[in-house]
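# Understanding the architecture of this molecule
Here are the chains, one letter per residue:
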Amino acid sequence: MKILKMTAIALVALALVALFAAPIGPMPGFFIGGTPSPAPAQWGDTSNQHEIQLRVPGALPRVVNIWVVQHEGDLYVIGAKDSGWVSMIGSGKPVTMRMGDSTYALNASLVSEGWQPVVQAYLAKYAPDYPEIVAGFPPIEEAEGQIAVFRLARS
């Protein structure tokens, strides 16, 4: 009976660790899961893919749930300049992206010029489903210095 009780406690503790180690909503986690897969040459249609998980390496890696947009065949993510995951990437870094059940080793590169069309595509994709959230974004004319746009490319 004691072994059964200890096993139950251990399983509950393990479940709690797993729960808090995975990203949930806006809260980052540590584990990304998924099956490692080679990044495709072409991503195909990602218009119905609203969220991905992005793992940024570091002394304590961070996994975030984040929106993704495809523009001219490339995938992009956008974040606030002062967010933790953005500061961990800096101007560029290898990252892992989970889309569906697959994970891909990619490079995240900061887009410093020509980022406005990417932001417009991002807003157009998410405004219909998340109007209140998108309304809180800074206008494109004022976004420079407030946001970071990263292109996700094959390693």
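## A few points about the pattern of salt bridges
Any two side chains of opposite charge can pair, so long as their charged atoms come close to each other. Within this structure, the stated rule accounts for two salt bridges. Two residues, Arg-151 and Asp-74, come together in a salt bridge whose shortest N-O distance is 3.2 Å. Of the two residues, Arg-151 sits in strand S8 (residues 147-154) while Asp-74 sits in strand S5 (residues 74-80), which places them 77 residues apart along the sequence. Of the charged contacts in the structure, one is a salt bridge between Asp-101 and Arg-98, with a shortest N-O distance of 3.5 Å.

## With respect to unusual backbone geometry
Even without glycine at this site, Glu-72 takes up a positive phi of about 50°. If you trace the backbone, Glu-72 turns up in the loop between strand S4 (69-71) and S5.

## Notes on the confidence of the model for the protein
Should the pLDDT be low somewhere, the predicted coordinates at that spot are not to be read in detail. Residues with a pLDDT of 70 or more make up 81% of the protein, whose mean pLDDT is 84. Here residues 12-25 is modelled with pLDDT under 50, and outside its nearest four sequence neighbours on either side it reaches 16 contacts, counting other chains as well.

## Re the packing of aromatic side chains
Tallied over the entire structure, the rule returns nine aromatic pairs. For the pair Trp-85 and Phe-150, a centre-to-centre distance of 5.9 Å together with 50° between the ring planes defines the contact as tilted. With Trp-85 in helix H2 (residues 84-89) and Phe-150 in strand S8, this residue pair connects regions lying 65 residues apart in the sequence. Note on Trp-85: relative accessible area 8%, which makes it buried. The exposure class assigned to Phe-150 is buried, which follows from its relative accessible area of 0%. Relative to Tyr-130, the ring of Tyr-126 lies with its centre 6.2 Å away and its plane at 45°, an arrangement referred to as tilted. The class for Tyr-130 is partly exposed, based on a relative accessible area of 30%. Among the aromatic side chains, those forming a connected cluster through ring pairs are Trp-67, Tyr-122, Tyr-126, Tyr-130 and Phe-137.

Here is what the cut-offs are and how they apply
- Residues numbered from 1 in each chain as written.
- Predicted model: local features only at pLDDT ≥ 70, side-chain atom pairs only at ≥ 80, totals over all residues.
- Heavy atoms only, no water.
- Salt bridge = Lys/Arg side-chain N within 4 Å of Asp/Glu carboxyl O.
- Helix = DSSP H or I, 4+ residues; strand = E, 2+ residues; numbered from the N terminus.
- pLDDT = per-residue confidence, 0-100.
- Contact = heavy atoms within 4.5 Å.
- Phe/Tyr/Trp six-rings, centres within 6.5 Å; stacked < 30°, edge-to-face > 60°.
- Buried < 20%, exposed > 50% of the residue type's maximum accessible area, 1.4 Å probe, protein only.

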